[in-house]
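Given next are the chains, with one letter for each unit.
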Amino acid sequence: MVGVLFLGIACYTQLPIAGVPQVDIPTIGISASLPGASAETMATAVTAPLERALAVMPGVTEMTSTSSLGSTSIDVQFDLSRTLDGAALDVQSAINAAAGDLPKDLPHPPTFEKANPADALLMSIAVYSDILPIDRVDDYVENYLAPEIARINGVGVVDYHGQQKPAIRARVNPAAMASLGLSLEDVRNAISNATSNAPKGTLNGAHQAVTLDATDQAIDAATYASLIVAYRNGAPVRLRDIAQVVPSVEDIRQGAWYGNHHAVMVDVHKQIGFNINQTVDLIKAELPRLERDLPASMHLEVLGDRTQTIRASVRDLQFTLLLSVLLVVGVVYVFLRDIRATLIPAITIPLSLLGTFAAMKALGYSLDNVSLMALTVVIGFVVDDAIVMLENVLRHIEEGRTPFDAAIEGSGEITFTIVSMTFSLVAVFIPLLFMGGLVGRLFREFSVTAGVAIIISGAISLTLTPMLCALFLNRDTAHGDGHFHRAAEAFFNHLQELYAKSLQRALRHPGLMLAVAAATMVGTVWMYAAIPKGFFPQQDNGLIAGVAEASQDISYPAMVERMHALAAAVEKDPAIAHVYYWVEGDPSVNIARLMIDLKPFGERDVSVYEVINRLRPKAAQVPGITLSMQARQDLQIGARVSKSQFQYTLRDANLDELRQWAPVMLKALRDIPVIQDVEADLEPVAPQLKAMLDRDTMSRLGITPQLVDDTLNDAFGQRQVASYYTQLNAYRVVLEVDPAYQLDENALQQLYLTGSDGKQVQLSSFIRLQHSTAPLTVNHDSQFPAVTISFNLAPGHSLSEAVEAIDAKGQDLGKPSGLTASFQGSAKAFKASLADQPLLIAAALLAIYIILGMLYESYIHPLTILSTLPSAGIGALGALMLLHDEFSLIALIGVILLIGIVKKNGIMMVDFAIAAEDQRGLPPAQAIYEACQLRFRPIMMTTMAALLGALPLAFGAGAGAELRRPLGITIVGGLLISQVLTLYTTPVIYLLLDRFRNRKAHVIPDSGIAYEAD
């Protein structure tokens, strides 16, 4: 046991810390860009070929995509049985297979990145400068800061928001260019041919080798400005004659801000299996050194630090764990009233916990809310076996045996009972271990952690506890003295006398007791059907994610101005610590992200949901923009980003039908009172200016459609036309017309193309402009056009109510057969778990029945033991309903634990009664009556220990309390009711079932009242 002690301490210090167990959802994100391409062009030319290739990969469970101006993003989620590395190889093969169908002018091949939507970021870092331009700040971030952070142990992917990578921008004056008989394609070819970075070889003489090099690269704006584009009248036309060539950034239509500072946001993700707190500490320790190496005007600000809430939650849970230990030990002392006797079962707690830590380390588990919650709740269970052993040994000492003999005899009598209780309690976790899907992965750690602790406690109770009883117990322990001892003994004796009298009355009225048992069964089923159900308790992590949306025709400068106003409105709230945001056309320029960090729990007196509610009216006062907010959760399911927490997706192969019905469904869902913040990613179409080509005129002039597309892209698409390289990075040269010529449709009148005869042709001579509309984004789900409606729950309502209301509304609308609707993300996982809940409970009952049947070699006695369970169910569900809490997955785990706890009472009664019948020849009525009397005290002790062990969970406050509270409520409520009822219903049911084996009169000793079996 000393080895277990030191091994557990060593393993505890090495366990990683996290918010929830690591759940790996194999997901690959594919991205491709084609600057200047419309959303529809991206969807048909880039997204569709990639989706066709990706769809045939094995193990794909979900595939969603968003195509927007110049970019495509595809998220592919695989079955949980697939490894991320294997999925990545398949994705690379699919991208290669689709390469032949992709546009030839893609600046770069599609790239992919391994992702895990269930794994949130570690932190964000805002990097800004008081005086340096933002492109210089970005250069320091990408070339120095990000690589240094990525090298820190435990850091995974490092990416950016508001990226402002340096570039050289050539802003052409179309009027000056046309006057010289030049076209944009002439300029593009001149720029792309003016720089090169290719091998030159070596000169090899008889005695010396010389490496060849050349000044072939143009690497600054001045060099590009002096490029000769053409000759006119024998004089060179340089690029500066027709364009402004300036240092700039690759994309001028994206940016990020922290407060009033233009910044680059660095998002830091973690590697799987690393300690979150330790990794964040390492990053924070390095940041001062990294900041010292940057220019003095540059500053780093840590934002979105998840470890603040994780530390607070784990710290609060550790306190709850300690409080549970003290309460359980206190209960044992009150019953035993002796320090030495109390320490014997109390030793079981640290040994069981430390042994469990060693097992957790071996299995790769972490210290998180779920595993620590399992350890907290099993504190009341791990002492049960030791209490039962100790109480039985004390009983023999009271009868006059020596401590050694009492330990031998007492342990021999109780061994089978402890084995039965231990294995039947572990059996309730078997269905959880074999659960599939995300929920099974999530609670496997809970099941294994609790099961290991219970098995270790059982082993300790059968080995160490009898030995300690023999060493430290004596007759003084059994017959203690003192006022407290006498008062407590008198109280328990009086309580036991009351129980004996009430039990006699219960046995005289078996019909009433059976009616009570039947009523609890019916009540449990009714309450389970009636109680609101949820998925995972909503957490307060102190982080708010907001999606801001403006009108679909808004420009980038106007969107930035609206975001500044929105941030200024919300940051005044006293509970807010930081506000940071970015506009980067993801998925379109009228959509932006706004993130809010709240102050730590000790510095605010409101929850994250109260902050959201009071920010809504403030945000609504900002004209021209709306803000949708949701509290960020530890458990993230699904890769699609939405404006609200839960998602409902409409999909139809007929795009016109989808666009017709999506607004109808959106309006209908907004009328449902149990949900709020109902939004959709189906945006109203934006203005579009379409060039209608006169192909006959084009053919006569020698103009091709490709030349038209290239010219428009050169002028208005921020086209990357050349690259130059340094020792640290690669940079681009961007071609466009001067911003003064990008204001309206008159700009097209200024463009000229070169025909097949070398003459300049005005663009307007063969096109006709037509005003129309087009979507800013095109969304797909499993290759089909899709619209995702997102929603939050209204206060006081559950996810089950929302799901039922939405399903009913969909049926009432009579949507066409081609339009399919399904929940996604957390709502989808909830529906799957809801269907599995009755099967899970039934499987737990079956597992216990089989284990008990094997141990007792009987079909009848396990039924007697299982008859104790409905009373626990009605207590647990009643407590949840009384406190207006929903039946979440955490509450389900509580009910499954109750199945294991409550049946211990039945086991202790039935096991003694069977032994009394077999060994002493007592009739069943006398045997079960005597069993109830002798086991009353250990039943009270074990039940009170379990109840008080769960009490801190039920009434805890602070970080993470909302996650733990349903577990404590179900256990406390279930034990309170079951403790009262099972002491009376179990003996009646024992005798009832015995009637099928023995039809004779049973007499209750000392009562003089006969109980007839028939």
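No experiment lies behind these values; they were computed from the predicted model shown.

Hey, could you run me through the overall build of the protein in this one?
Secondary structure assignment for the protein yields 30 helices and 32 strands. Summarising its shape, the C-alpha atoms of the protein cover approximately 130 × 75 × 55 Å along the three principal directions. By residue count, 56% of the 1014 residues in the protein fall in the buried class. Considering only residue pairs separated by 6 or more positions, the protein has 79% of its internal contacts joining residues 24 or more positions apart. Carbon and sulfur atoms make up 58% of the accessible area of the protein, which amounts to about 41200 Å² in all. In the protein, which carries 72 positive and 99 negative side-chain charges, the distance between the mean positions of the two groups comes to 2 Å.

In this structure, what is going on with the sheet that holds strand S12 (residues 243-249)? I would like to understand it.
Backbone-to-backbone hydrogen bonds pair the strands of a sheet. The strands run either parallel or antiparallel. Overall, mixed pairing links the four strands, which are arranged S12-S7-S24-S23 in an open sheet. Unpaired on one side and paired on the other, S12 and strand S23 (719-725) mark the two borders of the sheet. For this sheet, the mean inter-axis angle between neighbouring strands, taken without regard to orientation, is 25°. In the sheet, strand S7 (residues 166-172) pairs with S12 via seven bridges, with the strands oriented antiparallel. By the bridge assignment, alanine 170 is partnered in S12 with valine 245. Most of the contacts of helix H4 (residues 134-150) go to S7, to which it runs at about 145°, and overall it touches S7, S12 and strand S24 (730-737). Across the sheet, helix H23 (residues 705-716) is in contact with S23 and S24; its angle to S24 comes to roughly 105°.

Looking at this model, I keep getting lost on H4. Mind explaining?
Considering bend angle alone, the principal kink of H4 is centred on valine 141 and spans about 40°. Within the sequence span of H4, burial applies to Ile134, Asp135, Val137, Asp138, Val141, Glu142, Asn143, Leu145, Ala146 and Ile149.

In this structure, what is going on with the packing of helix H13 (residues 403-427) against helix H28 (residues 889-920)? I would like to understand it.
Angle between the axes and distance between the axes are the two parameters that describe a pair of packed helices. Taken N-terminus to C-terminus, the directions of H13 and H28 make an angle of 160°; their axes are 9 Å apart at the nearest point. Classified by the interaxial angle, the pair formed by H13 and H28 is roughly antiparallel. The two elements H13 and H28 meet at a crossing, and its hand is right-handed. Contacts between H13 and H28 involve Phe416, Thr417, Ser420, Met421, Ser424 and Leu425 on the former and, on the latter, Leu897, Gly900, Ile901, Lys903, Lys904, Ile907, Met908 and Asp911. Of the residues contributing to the contact of H13 with H28, the split by class is seven nonpolar, four polar and three charged.

It is not clear to me how the domain arrangement of the protein should be interpreted in this structure. Could you clarify?
Many analyses report the size of an interface as the accessible area lost when the parts associate. Annotation of the protein at the domain level lists domain 1 (1-17 + 310-480), domain 2 (26-115), domain 3 (482-530 + 858-999) and domain 4 (540-632). Its C-alpha centre places domain 3 at a distance of 51 Å from the equivalent point of domain 4.

Would you take a moment to explain helix H19 (residues 556-570) for this structure?
Since the α-helix advances by 3.6 residues per turn, residues separated by three or four positions end up pointing in the same direction. Over its 15 residues, H19 runs 21 Å from end to end, which matches the ideal 21 Å to within 8%, given 1.5 Å per residue. Here H19 has its buried residues at Tyr556, Met559, Val560, Arg562, Met563, Leu566, Ala567, Ala569 and Val570. Contacts from the buried residues of H19 go to strand S13 (255-258), strand S16 (543-550), strand S17 (576-583), strand S18 (591-598), helix H20 (608-620) and strand S19 (625-631).

How should the packing of H13 against helix H25 (residues 825-856) be read in this particular structure?
Contact geometry of H13 with H25 gives a least axis separation of 8 Å together with a crossing angle of 160°. By the criterion of interaxial angle, the relationship of H13 to H25 is roughly antiparallel. Note on packing geometry: the crossing formed by H13 with H25 is right-handed. Packed against H13, whose contacting residues are Phe416, Val419, Ser420, Phe423, Ser424 and Ala427, the element H25 presents Ala847, Ile848, Ile851, Leu852, Leu855 and Tyr856 at the interface. Grouping the amino acids of the contact of H13 with H25 by side-chain chemistry returns 10 nonpolar, two polar and no charged.

What exactly am I supposed to notice about the packing of aromatic side chains here?
Two measures describe an aromatic ring pair: the distance that separates the ring centres and the angle between the ring planes. Counting across every chain of the model gives nine aromatic pairs. Between the aromatic rings of tyrosine 499 and phenylalanine 936, the centroid separation amounts to 4.7 Å while the plane-to-plane angle is 15°, which identifies the pairing as stacked. Taken together, the residues span a long stretch of sequence, with tyrosine 499 in helix H17 (residues 483-508) and phenylalanine 936 in helix H29 (residues 924-954) at a distance of 437 residues. Given a relative accessible area of 3%, tyrosine 499 falls into the buried group. Plain terms: the ring middles of tyrosine 724 and tyrosine 731 are 5.6 Å apart, the flat faces sit at 25° to each other, and that makes the pair stacked. Each member of the pair tyrosine 724 and tyrosine 731 is classed as buried. Looking at lysine 165, its charged tip hangs above the ring of tyrosine 731, at a distance of 6.0 Å from the centre. Sitting over the ring of tyrosine 528, lysine 533 keeps its end group 4.7 Å from the ring centre.

The rules we used
Residues numbered from 1 in each chain as written. Predicted model: local features only at pLDDT ≥ 70, side-chain atom pairs only at ≥ 80, totals over all residues. Heavy atoms only, no water. Helix = DSSP H or I, 4+ residues; strand = E, 2+ residues; numbered from the N terminus. Buried < 20%, exposed > 50% of the residue type's maximum accessible area, 1.4 Å probe, protein only. Contact = heavy atoms within 4.5 Å. Areas by Shrake-Rupley, 256 points an atom, 1.4 Å probe, with all protein chains shown as cover. Lys, Arg positive; Asp, Glu negative; His and termini not counted. Charge placed at Lys NZ, Arg CZ, Asp CG, Glu CD. Pairing = 2+ DSSP bridges. Axes fitted to C-alpha atoms, helices over the stretch in contact; angles between N-to-C directions. Bend = angle between axes of the 7 residues up to and from the residue. Parallel < 35°, antiparallel > 145°, perpendicular 65-115°, else oblique. Left-handed = near helix turned anticlockwise from the far one by under 90°. Nonpolar A, V, L, I, M, F, W, Y, C, P; charged D, E, K, R; others polar. Domains from an automatic or database assignment. Expected span 1.5 Å × (residues − 1). Phe/Tyr/Trp six-rings, centres within 6.5 Å; stacked < 30°, edge-to-face > 60°. Lys NZ or Arg CZ within 6 Å of the ring centre and 35° of its normal.

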